[in-house]
Amino acid sequence: MSVKVLLPNAFQKHTNGTREIESKAANLPQLIEEIEVSFPALKQHLRDSDGQLRRFINFYVNDEDIRFLGNEKYSFQDGDEVLVIPSIAGGSCADGDTCFVTYRCCSYCGQEDCLCDR
Amino acid sequence: MAVSYELRCRDCGKRFPNEPLSSCDECFSPLEVVYDMDAAKRTFTREAIAGGPSSMWRYRSLLPVSQDYVAPTPAGFTPLLDAPRLAKRIGAKNLFLKNDAVCLPTLSFKDRVVSVALANAKVFGFDTVGCSSTGNLANAVAAQAARMGFKTYILVPADLEPAKILNTQIYGATLVRVDGNYDHVNRLSSQIAERFNWGFVNVNLRPYYAEGSKTVGYEIAEQLGWKLPDNVVVPMAGGSLITKIHKAFHELIELGLVAEKQVRFFGAQATGCSPISTAVKAGTDLIEPQRPNTIARSLAIGNPADGPYAVRAIQQSGGWAEDVSDVEIVSAIQELAETEGIFTETAGGVTTAVTARLYAHGRISRDDLTVACITGNGLKTTDALAGKYDVERAIRPRMADFEEFVAQHEVRGVAIEAVSAVGGQNVG
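Residues numbered from 1 in each chain as written. Chains lettered and ligands numbered in written order. Predicted model: local features only at pLDDT ≥ 70, side-chain atom pairs only at ≥ 80, totals over all residues.

Q: For the overall build of chain A, give the residues involved together with the corresponding values.
A: In terms of helices and strands, chain A carries 3 helices and 5 strands. Counting across all 118 residues of chain A, residues that qualify as buried make up 36%. Taking as baseline every contact in chain A between residues at least 6 positions apart, the subset at least 24 positions apart corresponds to 46%. (Helix = DSSP H or I, 4+ residues; strand = E, 2+ residues; numbered from the N terminus. Buried ≥ 20, exposed ≤ 12 C-beta atoms within 10 Å, placed from the backbone. Contact = placed C-beta atoms within 7 Å.)

Q: Which residues make up the sheet that holds strand β3 (residues 31-35) of chain B, and what values go with them?
A: Residue and element names in this part refer to chain B. Read across the sheet, 3 strands follow the order β2-β1-β3 without closing on themselves; strand pairing throughout is antiparallel. Two strands in the sheet have a free side with no partner beyond their single neighbour: β2 (15-16) and β3. As judged from the 5 bridges shared by strand β1 (residues 5-9) and β3, these two strands associate in the antiparallel manner. Within the sheet, the bridge partner assigned to Y5 lies in β3 and is Y35. (Pairing = 2+ DSSP bridges.)

Q: Now, about the nonpolar core: what can you tell me, with residues and values included?
A: Core analysis: the largest hydrophobic core is formed by 144 residues, its most contacted members being A117(B), V141(B), V234(B), L299(B) and V350(B). Ignoring any residue separated from it by four or fewer positions in sequence, one finds A117(B) in contact with V201(B), L205(B), Y208(B) and Y209(B). (Core = buried A, V, L, I, M, F, W, Y, C linked by C-beta atoms within 7 Å.)

Q: Can you lay out the sheet that holds strand β9 (residues 199-200) of chain B for me, pointing to particular residues and giving the numbers?
A: All names here are of chain B. The strand order across the open sheet built from 4 strands is β8-β7-β6-β9, with neighbouring strands paired in parallel fashion. Whereas interior strands pair on both sides, the edge strands pair on one side only; in this sheet they are β8 (174-178) and β9. Here strand β6 (residues 128-132) runs beside strand β7 (residues 151-157); their pairing, made up of 5 bridges, is parallel. By the bridge assignment, G130 is partnered in β7 with Y153. Helix α5 (residues 136-148) rests against β6 and β7 of the sheet, and its axis sits at about 170 degrees to β7. (Axes fitted to C-alpha atoms, helices over the stretch in contact; angles between N-to-C directions.)

Q: An account of the packing of helix α9 (residues 214-223) of chain B against helix α10 (residues 240-254) of chain B is requested, with residue identities and associated values reported.
A: Residues and elements named next belong to chain B. Between α9 and α10, the shortest axis-to-axis distance is 7 Å and the interhelical angle comes to 50 degrees. By the angle class used here, α9 and α10 are oblique. As for how α9 packs across α10, the hand of that crossing is right-handed. In this structure, α9 uses K214, V216, G217, Y218 and A221 to contact α10, whose residues at the interface are L241, K244, I245, K247, A248, F249 and L252. Looking at the contact of α9 with α10 residue by residue, the class counts come to 8 nonpolar, 1 polar and 3 charged. (Parallel < 35°, antiparallel > 145°, perpendicular 65-115°, else oblique. Left-handed = near helix turned anticlockwise from the far one by under 90°. Nonpolar A, V, L, I, M, F, W, Y, C, P; charged D, E, K, R; others polar.)

Q: Lay out the environment of A332(B) with the relevant residues and their values.
A: Residue and element names in this part refer to chain B. Note on placement: A332 falls in helix α13 (residues 326-340). With 25 C-beta atoms packed within 10 Å, A332 lands in the buried category. As for A332 and T344, which are separated by 12 residues in sequence, their C-alpha atoms are 9.4 Å apart. If near-sequence neighbours (up to four positions away) are discounted, A332 is found in contact with G349, T352, A353 and A356.

Q: Which residues make up the packing of α13(B) against helix α14 (residues 346-360) of chain B, and what are the values?
A: Residues and elements named next belong to chain B. In contact at an axis separation of 7 Å, α13 and α14 are set at 90 degrees when each is read in the N-to-C sense. One way to sum up the angle between α13 and α14 is to call them roughly perpendicular. For the pair α13 and α14, contact is made by E328, I329, V330, A332, I333, E335 and L336 and by T346, G348, G349, V350, T352, A353 and A356, respectively. Looking at the contact of α13 with α14 residue by residue, the classes come out as 8 nonpolar, 4 polar and 2 charged.

Q: Got a sec to walk through the pairing of strand β13 (residues 370-374) of chain B? Specific residues and values, please.
A: Residues and elements named next belong to chain B. Taken across its 5 residues, β13 has 5 buried, putting it largely inside the fold. Here 5 bridges tie strand β5 (residues 95-99) to β13, and the two strands are oriented parallel to one another. From the neighbouring strand, F96 faces β13, where its bridge partner is V371. In terms of strand pairing, strand β10 (residues 231-235) meets β13 through 3 bridges, oriented parallel. Across the sheet, the residue bridging to V232 is V371, located in β13.

Q: Before we move on, can you summarise helix α6 (residues 162-169) of chain B with the specific residues and values?
A: Residues and elements named next belong to chain B. Among the residues making up α6, those that are buried are K164, N167 and T168. Down the axis of α6, the buried set is contained in an arc of 100 degrees. They therefore lie on one face. Of the exposed residues in α6, those oriented more than 90 degrees away from the buried face are P162 and L166. Where α6 is buried, its residues contact α5, β7 and β8. (Arc of directions from axis to C-beta.)

Q: Summarise α13(B); cite the residues concerned and give the values.
A: Residue and element names in this part refer to chain B. Across its 15 residues, α13 extends 21 Å between first and last C-alpha, which sits within 8% of the 21 Å expected from 1.5 Å per residue. Looking only at α13, the buried set comprises E328, I329, A332, I333, L336 and E340. Seen end-on, α13 carries its buried residues on one side only, within an arc spanning 145 degrees. Tucked inside the fold, the buried residues of α13 contact β4 (80-82), α3 (84-90), β5, β11 (264-270), β12 (320-324) and α14. Positive backbone phi, approximately 70 degrees, marks G341, located one or two places after α13. (Expected span 1.5 Å × (residues − 1).)

What follows is the structure, given as structure tokens:
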């Protein structure tokens, strides 16, 4: 069993230009692990300081958001096409509230003080 | 001299020169435009703004364009109307409507964001622009791109209202109907923007595009006599508009154009697509995506990109979010038209119905100065009103027929007795 995984342009700086991989992963956690083993340079960018996968990276399976399919519980089917896309505009702050700490007005958090200008 | 601006990752803070890019190559977070606010203190003044054009470009010192930029099509600076009749109906006393149903050139607030996005598309040298859209954005891109000489590709969900499809095609845009909902369309657009060297206004031009929404906030403050309202009620699709109005108010405070004030932000959604209001009610900023099912198609984004930021803006301001049924949306469209003479699309029905509920539930106090944002025009979604009005049989061109007609009807709530009183013995 294998699935085709399409990586976004934003990853390519860390994957030596690789855009597409074949994977034998059975589910999303295994796939992420496999991507990190294949592209060690990408690992530090995929996860936040707590080791959590950044929430603004979205996964789609055959056109459907994986969250509608059970997310981590979804078992990949042979021939699935998995698409990885960073949220186009938003998504969630990876570090929760701690990412809005010091500095001034950010359009996204709306607070006068956030770290955007550091 | 232009106020300098550039892109910055809102998560890791990495800075980028101005380019068509929407996410950080280090942490994949979204980018936004940041300005030199010290320079803006000199250029973004009440006097300079008053001397500017009667369009959103009077605020160009805090928009990502060169200081001498002249937009080929003016957009924005729409009326802020007091709404005493609607207010009376819903138990309000100090209600205003920001009426982007008459925003030019295509009758929705999307004209604002597209103006800014396409200005930047020119700077970046694109010959083709596009967008994914629930309709209003498609109209706005198609119209302004035609005037600026761009080739245009526009992707929409296949079930979009016919008027919004026609209002895109008329400008010569290439329309691609996608068999899926907006979230499917959006995902495909992000792939296309990576494959083709095109400027997609809400993908690779998104940081610039989103800044255009701030002008709604600037205008509200200026039109209130440079003061901030107590509350704003804003419809939410992707969640960007509410966060950008929030940003606009904070910029005005920072630059000293208005007195500091905690404005409460209220978000409005349709129950059939309510991921943001659901999160607000649950007290979390975790957005669970939904499959949209509502007549308010312009708000039917089940995976709102700016959802978490909208939630945060609402929660931190002491506001709230509500969602209303399709039946309530249609009633609210009628109510707004009958009381204030404003014909809004389904999204405006959402805003009006939610505003009414916020007063009814005591979330907004009767005496508060409240601004509800009407973002689109009803002529685009007339199918939502199908069957609401009978087609009257025609009368012959004879006074007797007319008198009979009047006798059988109440006209706009005026009973036949009242007509008799005015018309004297001829009515009977």
